[in-house]
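Below, each chain spelled out in residue letters.
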Amino acid sequence: GPIATRHALHWSLRTVRGAPGAVARGLLDETDLLFLGAMAWGARPARAGATATPGLLVVLNDGSAAAKRAALLAMRLAAALPVAWRVHERPVVDAAALDALLQRSPPLDALVLPRSLATSERWARLAHLGCPVLLIG
């Protein structure tokens, strides 16, 4: 659109069919940003007992340059969305801590992470978290 033209952004949008994990893995090498999840970022699912508190957007920080970009993008994204979100940056100490986070209940509201943390063993969990996931290259 006009914003992309004004800022000389290169972008594409396409619909791809297939298993979410396999499709995402196939697209990841072609992009710097990849969204997973069918839910719109502008709304959050109603949960039993939920109040009108802001959604929790968790940013995983592994100390990489991509993690720094992820944190900045998460703050900008939270500010731009039509519903309230609070951003929580969470350091990734080890694989076990990350895997525990991905299995937590109730599910996360949204997750932003460097794509280096999206190992082949985690793809199925990332694709089925039940919340939007943004992978940063």
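Residues numbered from 1 in each chain as written. Predicted model: local features only at pLDDT ≥ 70, side-chain atom pairs only at ≥ 80, totals over all residues. Heavy atoms only, no water.

Trainee: Explain the overall build of the protein here, please?
Mentor: Scanning the protein from N- to C-terminus turns up 5 helices and 5 strands. Secondary structure elements in the protein, listed N-terminal to C-terminal, are α-α-β-β-α-β-α-β-α-β. Buried residues in the protein amount to 34% of all 137 residues. For the protein, the exposed area adds up to about 8400 Å²; of that, 58% sits on carbon and sulfur atoms. (Helix = DSSP H or I, 4+ residues; strand = E, 2+ residues; numbered from the N terminus. Buried < 20%, exposed > 50% of the residue type's maximum accessible area, 1.4 Å probe, protein only. Areas by Shrake-Rupley, 256 points an atom, 1.4 Å probe, with all protein chains shown as cover.)

Trainee: Explain a nonpolar patch on the surface to me, please; I cannot follow it from the model alone.
Mentor: On the surface, a cluster of nonpolar side chains totalling about 420 Å² of accessible area is made up of Leu9, Trp11 and Leu13. Residue position: Leu9 is located in the loop between α1 (2-6) and α2 (20-28). (Patch = residues over 30% accessible without salt bridge, like charges linked within 9 Å, V, L, I, M, F, W, Y side chains within 5 Å. Salt bridge = Lys/Arg side-chain N within 4 Å of Asp/Glu carboxyl O.)

Trainee: I would appreciate a short explanation of the confidence of the model for the protein in the present structure.
Mentor: The predicted structure's coordinates, where accompanied by low pLDDT, should not be read in detail. Per-residue confidence for the protein averages 76 on the pLDDT scale, and 79% of its residues sit at or above 70. The secondary structure element of the protein with the lowest average pLDDT is α1, at 68, and the one with the highest is helix α3 (residues 65-80), at 89. (pLDDT = per-residue confidence, 0-100.)

Trainee: For this particular structure, what's the right way to read the environment of Leu98?
Mentor: Relative to the assigned elements, Leu98 resides in helix α4 (residues 95-102). Leu98 sits in the buried class, given a relative accessible area of 3%. Residues Leu98 and Leu117, spaced 19 residues apart in sequence, show a C-alpha to C-alpha distance of 8.6 Å. Apart from the residues lying within four places of it in its own chain, the contact partners of Leu98 are Leu60, Val92, Leu117 and Arg122. (Contact = heavy atoms within 4.5 Å.)

Trainee: What's the story with the pattern of salt bridges in this structure? I'm lost.
Mentor: Pairing between side chains becomes possible if they bear opposite charge and their charged atoms approach one another. The tally for this structure, following the rule as stated, stands at 1 salt bridge. Between Arg122 and Asp99 there is a salt bridge, with its nearest N and O atoms 2.8 Å apart. Of this pair, Arg122 sits in the loop between β4 (110-114) and α5 (123-127) while Asp99 sits in helix α4, and the two are 23 residues apart along the sequence.

Trainee: Could you clarify how one ought to interpret the pairing of strand β5 (residues 133-136) in this entry?
Mentor: Sheet faces and side chains relate simply in a regular strand, where the side chains alternate between the two faces. Because side chains alternate across β5, one face comprises the buried residues Val133 and Leu135, and the other comprises Leu134 and Ile136, equally buried. Bridge count between β4 and β5: 4 bridges; the pairing is parallel. Among the inter-strand pairings, Pro114 is bridged to a residue of β5, identified as Ile136. (Pairing = 2+ DSSP bridges.)

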